[in-house]
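Descriptive structure summary
Spelled out, the chains give:
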There are 2 protein chains.
Amino acid sequence: MARIPATTSRVVIESESPRIDGGRFAVKSIVGEPVAVEADVFCDGHDAVAAVLRYRKTGSRRWSETRMAPIGNDRWMADFTPEELGVWQFEIEGWADRFATWLDGLDKKVAAGIDVTVDLLIGAALVSAASIRARGKPGRTLRKLATTLADTNLELTDRLEGAFSAELRTSMEDYPDRSAATRSERRYEVVVDRERAEFSTWYELFPRSWAVDPGKHGTFADVTKQLGYVADMGFDVLYLPPIHPIGVTDRKGANNGLRAGPDDPGVPWAIGSDKGGHTAINPDLGTIEDFRVLRDAASERGLEIALDVAFQCSPDHPWIKEHPEWFRSRPDGSVQYAENPPKKYQDTYPLDFETSDPRGLWLALKGVFDHWIGEGIRIFRVDNPHTKGFPFWEWVIAEIRREHPDVILLAEAFTRPKVMYRLAKVGFTQSYTYFAWRNTRHELVEYMTELDRLHDFIRPSFWPNTPDILTQQLQTGGRPMFMARYVLAATLSSNCGIYGPAFELMDHIPLTPGSEEYRDSEKYQIRTWDLDSANSLAPLITQVNKARHDHRALQRNANLTFHPADNDKIICYSKRAVGDVVLVVVSLDPDHVQSAWVDLDANAIGVDPNHQFQVHDLLTDRRYVWEGSRNFVQLDPGGIPAHVFAVRRRVRSEESFDSFL
Amino acid sequence: MARIPATTSRVVIESESPRIDGGRFAVKSIVGEPVAVEADVFCDGHDAVAAVLRYRKTGSRRWSETRMAPIGNDRWMADFTPEELGVWQFEIEGWADRFATWLDGLDKKVAAGIDVTVDLLIGAALVSAASIRARGKPGRTLRKLATTLADTNLELTDRLEGAFSAELRTSMEDYPDRSAATRSERRYEVVVDRERAEFSTWYELFPRSWAVDPGKHGTFADVTKQLGYVADMGFDVLYLPPIHPIGVTDRKGANNGLRAGPDDPGVPWAIGSDKGGHTAINPDLGTIEDFRVLRDAASERGLEIALDVAFQCSPDHPWIKEHPEWFRSRPDGSVQYAENPPKKYQDTYPLDFETSDPRGLWLALKGVFDHWIGEGIRIFRVDNPHTKGFPFWEWVIAEIRREHPDVILLAEAFTRPKVMYRLAKVGFTQSYTYFAWRNTRHELVEYMTELDRLHDFIRPSFWPNTPDILTQQLQTGGRPMFMARYVLAATLSSNCGIYGPAFELMDHIPLTPGSEEYRDSEKYQIRTWDLDSANSLAPLITQVNKARHDHRALQRNANLTFHPADNDKIICYSKRAVGDVVLVVVSLDPDHVQSAWVDLDANAIGVDPNHQFQVHDLLTDRRYVWEGSRNFVQLDPGGIPAHVFAVRRRVRSEESFDSFL
């Protein structure tokens, strides 16, 4: 015999957004920022529907509710603003609004001169039922209104006045009949991060190259002394490659040499020696006390330390002996080293995520995070997360965030797009990107379009260089290319970073022609940098970072509009936030002066195309008055090959720069 | 303490397609047609993965499996062909393929001249493990191969030969290690219909107007006598408006008059009288025996009867008294009639899907389907399904199809798009569309693009007219417009239909100017049609239907390509199926001769743009030799304002029409 389903509610709720993979993964947002939620809500027939957005912090018993509004084509919208870090949930509830349907019908019938005697009685019954739901004072109000509707002793006009009164409408909205309401078929999650998850400016340095006394191994104390250099440029995250003891067995020498000399410091990512593993500190850098001093001094200057988490071991790591089951063994009894055939990396042993002891391994790895969280660290740059199992990341990130929702994890996965996106879905806060290899205007526009589409779960971080990536463009493009690439990174993405001082000192010599490795890379040896060099790009970087700091439009993503320019060596785009528009023009040609007519989308930059407006170059402090949507730009590689304009529309009619806001 | 999840499989399966709303609803297909399934399958690291598509008829215990193949960017594909009607399921299983990873590494190491002694032992262990999974003869083969790999007494070349042998690769593919495989996070469903769900040509007629003796009330017997007229035009579905007793109370007169005269037959959709309700037959049409005779005679001529299911009641329907709880009552004790304020339909009582007895109501409605299924009917046109609850449809269609998977239901919902799409999602086999109101080329292209996007769950049916829809175009466009609209309907959509003889006899007089209602509509009165009229479009319709019958390209959807024409009064498109291409050119201007250069997408029509090809007009039987992608067309409203070309590419070099296939 056919069984009737328990839920026969007439209202449909579908196509909720934002959601990732149908709700399988959480979307990302930041605290204090509204989350705009939409859904299709409708029912059969011609009845009016009503809907609320319900939301709460996960774990809270109480849902908050806010009324949704129709935006056309059966789509409804509302937003909520999470005011605390952590995981939030939302769902939608909709119901057929019999009162609204009735009121609409009454209105039409009255207009058509149709007798509404019976209709008023139907309405009175609806209002009476609401009065029972309401109780107390609102209940009494509704009861009185129901009586008015039903009272045949009253004049019709008085009864209709009651029916169409704002008081009745409001009261009925407050006490709707939701007994046959429909809920979303699943709850959706929003991971709510702190502001820095969305807006951060990273500086990566190898402390060992920062000795105040040249020729020595740099230490945390040396970095502490020179924090002003980094902070004054306007960075807010100071990222250190692994600070742990470095393996001795099969240690690499300069320029990835197979044999290390006695003074070679080794690769920081070859983690572990008899001095300890992932929770120990390389004695050459100092002590845990020195590290804490650095951390606190950085914090005072607005710099947050980010540590590198590289889950792999040198042959000397304590885990090799303590937990051989966490590594894969070879038939000859040796431990399986890392390889990407035909390449071998004998100085690195990967952890085996198919170990017979996943519980032990996973807990130990979480323990590494816990240790450094205990040392006050809240930002981690995770090395090669794509070579560890996705279920591990999904688990460990959820666990960490449950206890410390202020933790930020940057995924360093330069691999196939779907693998990178999955890492973002399972919880990484930020993600390295292909930005370094997107050079032409077409490539940049296409890539930004793709990233914008994925904005709900991936927060891109744009790096023009890293210790592993010295692009052909930087090798050959000279100073103008370094400038252009930093302006692009810092204005296309709200999260960006550089590996310095190699970047601002324009280190551009590759290991070999065609390679993207640096010659004399700090990965293998200590370098000495002339931070006071007159050629340094530090002043420009400082200006760009100040623009980022001052302009909210540059602190958000998915707010980008490209504007056509009639020269494809010139890229033009704007970013917009509430009360703020920044317009950027960059020349992609490091060799020649380039000019273009740009056709501005007036709506995107918030100006009246028929009036003058001011563009204020934040890099040079020069101001220009532009008019209409078509304007001329010229960029000289001999100067700064970019404009970063604050756009100010005219607010008074007087001819004065002050009149632009 | 942190709990480790039970499933820690490394392989990810996501973005499976086809799926509707993340798998919430079934996709639609037809029996014997391959279902192409895709998914992203990948794992962390650099390991090779393998995947199978698993499928079965729902209820079957045994899954079939077919190996998926990579198609780039971590996407995998396979297809399966359901050979039975009903609901099928599919899911995907993927695993890290350690053997393939090993073999690939071995290949690269050998090429680089690296010692592979230990690698061969690793491979031998993998093969040995497979031999245990395999058992029997394949197990012995694998054991022998494992021994070869491991045997240090053999020459290295012999061992490598074994490693790279096709025998080993095939055997390992047959016995993979799937112990840590991942399955799709949910199972996906495919509703498998019969061919007619995808390809059908409907003819709607009011039997009461088909009296062989003019002036009488037509009967089933009259229709039986004239079946040849319909069948000879090439239709395969004969759809009858409701055949049940018509209410007397508040019966409508001619042209929707409020008072019916004594001879007015009433509206067939005002169902129910003292003669019975939805399972009874209007005695004026004949008996159930007459109906069975008609059904069988139609069947012999290749015509399948479709009945109208209109779940609403006249005031005289037996259910009003038997089940007052299925209707909404008004405060004055009357039953709530249908209304769409300020319009009232006092001759029709809607069923109340918020009844206190949903079980009783739902079962009774299902009983209506069951009754007519019992009478051999398998196609139903459902009137206004959008005014009944979606949960009811989802339930009743699943129930019907579980017992009778050959049932086809056409949803007659002319309402908001999301409501129409939801009805298709919850199970309607076919859907009426907005085709009648899509007139300009831009409108048609846009609409077809939208429908193609929804192809996995909505099967559009294109009707140029219905008893409710006499468009402005047909009212004013005359014969050329009638011709153009039928060619468009019949070649844009694999499912189409007309309301005749009004259509082929070009009835085009509206009730009032601006109305889409017919004057003297058959909905309210009996009409007399001159089926032998010399002006009839029957010959053209016959030709078009023959083209549909002969050309598989016209029997499928989502196979459409539009081709640019430099005159927007001319629309050009092609449809393609295996071994068949049809190219259609239609003039949208009923008043003037129109010509255009059309730029054919050679790839879409499967011809070599540098060689001649033949286009054979299936409406006129004329053949043209075209060359290249740019060709000239001219269409005269005085003739047939359309070409329906079979495209034949040259297969021999001789100059002969026979050389085009």
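Since the structure is predicted, the reported quantities are computational estimates derived from the model, not experimental observations.

For the rest of this paragraph, the subject is the overall build of chain A. Tallying secondary structure elements over chain A gives 17 helices and 30 strands in all. By principal-axis analysis of the C-alpha atoms, chain A measures approximately 105 × 70 × 45 Å. In chain A, which comprises 661 residues, the proportion classed as buried is 57%. Within chain A, contacts between residues at least 6 apart in sequence are counted, and of these 73% link residues at least 24 apart. Of the roughly 27000 Å² that chain A leaves accessible, carbon and sulfur atoms contribute 49%. Each charge class in chain A was averaged separately, 78 positive and 96 negative side chains, and the resulting centres sit 4 Å apart.

Per the domain assignment, the segments making up chain A are domain 1 (11-96), domain 2 (99-174), domain 3 (197-553) and domain 4 (560-660). Centre-to-centre, using C-alpha coordinates, domain 2 of chain A lies 67 Å away from domain 3 of chain A.

Each side of the interface is counted separately: chain B has 61 residues, and chain A has 60 residues. Between chain B and chain A, roughly 5800 Å² of surface is buried when both sides are summed, and carbon and sulfur atoms account for 57% of that area. At the junction of chain B with chain A, the criterion picks out 16 salt bridges. Between K418 of chain A and D40 of chain B there is a salt bridge, with the nearest N and O atoms lying 2.8 Å from each other. Here chain B is connected to chain A by 20 residue pairs in polar contact (both at pLDDT 80 or more). Tallying contributions element by element places helix 13 (residues 417-426) of chain B first for the side of chain B that touches chain A, with five residues.

On to the packing of helix 1 (residues 98-111) of chain A against helix 2 (residues 117-134) of chain A, then. Residues and elements named next belong to chain A. Packing of helix 1 against helix 2 brings their axes to within 10 Å, and their N-to-C directions diverge by 155°. Judged on the interaxial angle alone, helix 2 and helix 1 are roughly antiparallel. Helix 1 and helix 2 meet at a crossing whose hand is left-handed. Side by side, helix 1 and helix 2 meet where R98, F99, W102, L106 and K109 of the first sit next to D119, L120, I122, G123, L126 and V127 of the second. For the contact of helix 1 with helix 2, the residue count by class is seven nonpolar, one polar and three charged.

A few words now on the sheet that holds strand 27 (residues 612-617) of chain A. Residues and elements named next belong to chain A. Judged by pairing direction, the sheet is antiparallel, and its six strands sit side by side in the order 23-24-25-30-27-28 without closing on themselves. Both outer strands of the open sheet, strand 23 (560-563) and strand 28 (623-627), are each paired with one neighbouring strand and no more. If you compare each strand with its neighbour and ignore which way they point, the axes differ by 30° on average. Bridge count for strand 25 (residues 580-587) against strand 30 (residues 642-649) is five bridges, and the pairing is antiparallel. When the bridges of strand 30 are listed, V582 appears paired with A646. Strands in contact with helix 14 (residues 441-453) are strand 23 and strand 24 (570-577); relative to strand 23, the strand with the most contacts, it is inclined by about 155°.

Turning next to helix 13 (residues 417-426) of chain A. Of all the ten residues making up helix 13 of chain A, nine are buried; the element is thus mostly covered by neighbouring parts of the structure. Buried residues of helix 13 of chain A: K418, V419, M420, Y421, R422, L423, A424, K425 and V426 of chain A, and no others.

What follows covers the packing of aromatic side chains. The geometry of an aromatic ring pair is captured by two quantities: the separation of the ring centres and the angle between the planes. A complete count under the given rule lists 82 aromatic pairs over all chains for this structure. Taken together, a centroid distance of 4.9 Å and an interplanar angle of 55° make the contact between F392 of chain A and W393 of chain A tilted. Taking relative accessible area as the criterion, F392 of chain A reaches 0% and is therefore assigned buried. Note on W393 of chain A: relative accessible area 0%, which makes it buried. Taking the centre distance of 5.1 Å and the plane angle of 65° together, the rings of W393 of chain B and F428 of chain B count as edge-to-face. Residue W393 of chain B is found in helix 12 (residues 390-403), and its partner F428 of chain B is found in the loop between helix 13 and strand 20 (430-432); the two are separated by 35 residues along the sequence. Assigned by exposure class, W393 of chain B and F428 of chain B land together as buried. A cation over a ring is seen here: R485 of chain A above F435 of chain A, with NZ or CZ 4.2 Å from the ring centre.

Right, let's talk about the sheet that holds strand 7 (residues 75-80) of chain B for a bit. All names here are of chain B. If you walk across this open sheet you meet the four strands as 1-3-7-6, and the pairing is antiparallel. Strands with a single pairing partner mark the edges of an open sheet, and in this sheet they are strand 1 (11-17) and strand 6 (69-72). Taking the axes of each pair of neighbouring strands and ignoring which way they run, one obtains an average angle of 35° across the sheet. The pairing of strand 1 with strand 3 (residues 35-43) spans five bridges and is antiparallel.

Here chain B sits on chain A after a turn of 180° about the axis and a move of 0.0 Å along it, with an RMSD of 0.0 Å. Here the symmetry operator amounts to a two-fold rotation axis. For chain B, the smallest separation between a C-alpha atom and the rotation axis is recorded for G22 of chain B, amounting to 2.8 Å. Of the interface residues in chain B, 98% have counterparts in chain A that sit at the interface too, so the contact is made through matching surfaces.

This next bit is on the pairing of strand 30 of chain A. Residue and element names in this part refer to chain A. Taking burial as the measure, the eight residues of strand 30 include six buried ones, the bulk of the element. Here strand 27 runs beside strand 30; their pairing, made up of five bridges, is antiparallel. Bridge pairing in strand 30 places D617 opposite F645.

Residues and elements named next belong to chain A. Residues at a pLDDT of 70 or more form 98% of chain A, whose mean pLDDT is 95. Confidence over residues 656-661 falls short of pLDDT 50; this stretch has 19 contacts with residues more than four positions distant or in other chains. Interface confidence for the predicted complex, expressed as ipTM, amounts to 0.93; the pTM equals 0.94.

Attention shifts here to the pairing of strand 25 of chain A. Where a strand is regular, its side chains alternate between the two sheet faces. All names here are of chain A. By the criterion of burial, strand 25 is predominantly enclosed, with eight of the eight residues buried. Of the two faces of strand 25, both are covered, the one formed by D580, V582, V584 and V586 as well as the one formed by V581, L583, V585 and S587. Where strand 24 folds back onto strand 25 in an antiparallel hairpin, the turn is made up of two residues, including G579, whose phi is positive at roughly 75°.

Turning next to the packing of helix 12 (residues 390-403) of chain A against helix 13 of chain A. Residues and elements named next belong to chain A. Where helix 12 meets helix 13, the axes come as close as 9 Å, and the angle between the chain directions of the two elements is 25°. In terms of orientation, helix 12 and helix 13 fall into the roughly parallel class. When the axes of helix 12 and helix 13 are compared, the crossing they make is right-handed. For the pair formed by helix 12 and helix 13, the contact residues are F390, W393, E394 and I397 on the first element and V419, R422, L423 and V426 on the second. In the contact of helix 12 with helix 13, the residues fall into six nonpolar, no polar and two charged.

Once that is clear, we can look at helix 9 (residues 288-300) of chain B. Residues and elements named next belong to chain B. Its 13 residues give helix 9 an end-to-end C-alpha distance of 18 Å, which sits within 8% of 18 Å, the value for a rise of 1.5 Å per residue. Three or more residues of helix 9 are buried, namely F291, L294, R295, A297 and A298. Those residues of helix 9 hidden inside the fold are in contact with helix 7 (220-225), helix 8 (227-232), strand 12 (237-240), strand 13 (304-309) and helix 11 (358-374). Measuring from the side-chain oxygen of the N-cap residue of helix 9 to the backbone nitrogen of E289 gives 3.2 Å; that N-cap residue is T287. Positioned one or two residues after helix 9, G302 has a phi angle of 80°, which is positive.

The next subject is the environment of I498 of chain B. Residue and element names in this part refer to chain B. Along the polypeptide, I498 turns up in strand 22 (residues 495-499). I498 gets classed as buried once you look at its relative accessible area, which sits at 0%. Apart from the residues within four sequence positions on either side, I498 is in contact with W202, Y203, E204, F235, W463, P464, N465, Y486, F503, E504 and I541.

Criteria and cut-off values
Residues numbered from 1 in each chain as written. Chains lettered and ligands numbered in written order. Predicted model: local features only at pLDDT ≥ 70, side-chain atom pairs only at ≥ 80, totals over all residues. Heavy atoms only, no water. Helix = DSSP H or I, 4+ residues; strand = E, 2+ residues; numbered from the N terminus. Buried < 20%, exposed > 50% of the residue type's maximum accessible area, 1.4 Å probe, protein only. Contact = heavy atoms within 4.5 Å. Areas by Shrake-Rupley, 256 points an atom, 1.4 Å probe, with all protein chains shown as cover. Lys, Arg positive; Asp, Glu negative; His and termini not counted. Charge placed at Lys NZ, Arg CZ, Asp CG, Glu CD. Domains from an automatic or database assignment. Buried area = accessible area lost by both parts, 1.4 Å probe. Salt bridge = Lys/Arg side-chain N within 4 Å of Asp/Glu carboxyl O. Polar contact = N/O pair within 3.5 Å; in protein donor to acceptor, adjacent residues only side chain to side chain. Axes fitted to C-alpha atoms, helices over the stretch in contact; angles between N-to-C directions. Parallel < 35°, antiparallel > 145°, perpendicular 65-115°, else oblique. Left-handed = near helix turned anticlockwise from the far one by under 90°. Nonpolar A, V, L, I, M, F, W, Y, C, P; charged D, E, K, R; others polar. Pairing = 2+ DSSP bridges. Phe/Tyr/Trp six-rings, centres within 6.5 Å; stacked < 30°, edge-to-face > 60°. Lys NZ or Arg CZ within 6 Å of the ring centre and 35° of its normal. Least-squares fit on C-alpha atoms with pLDDT ≥ 70 in both. pLDDT = per-residue confidence, 0-100. Expected span 1.5 Å × (residues − 1).

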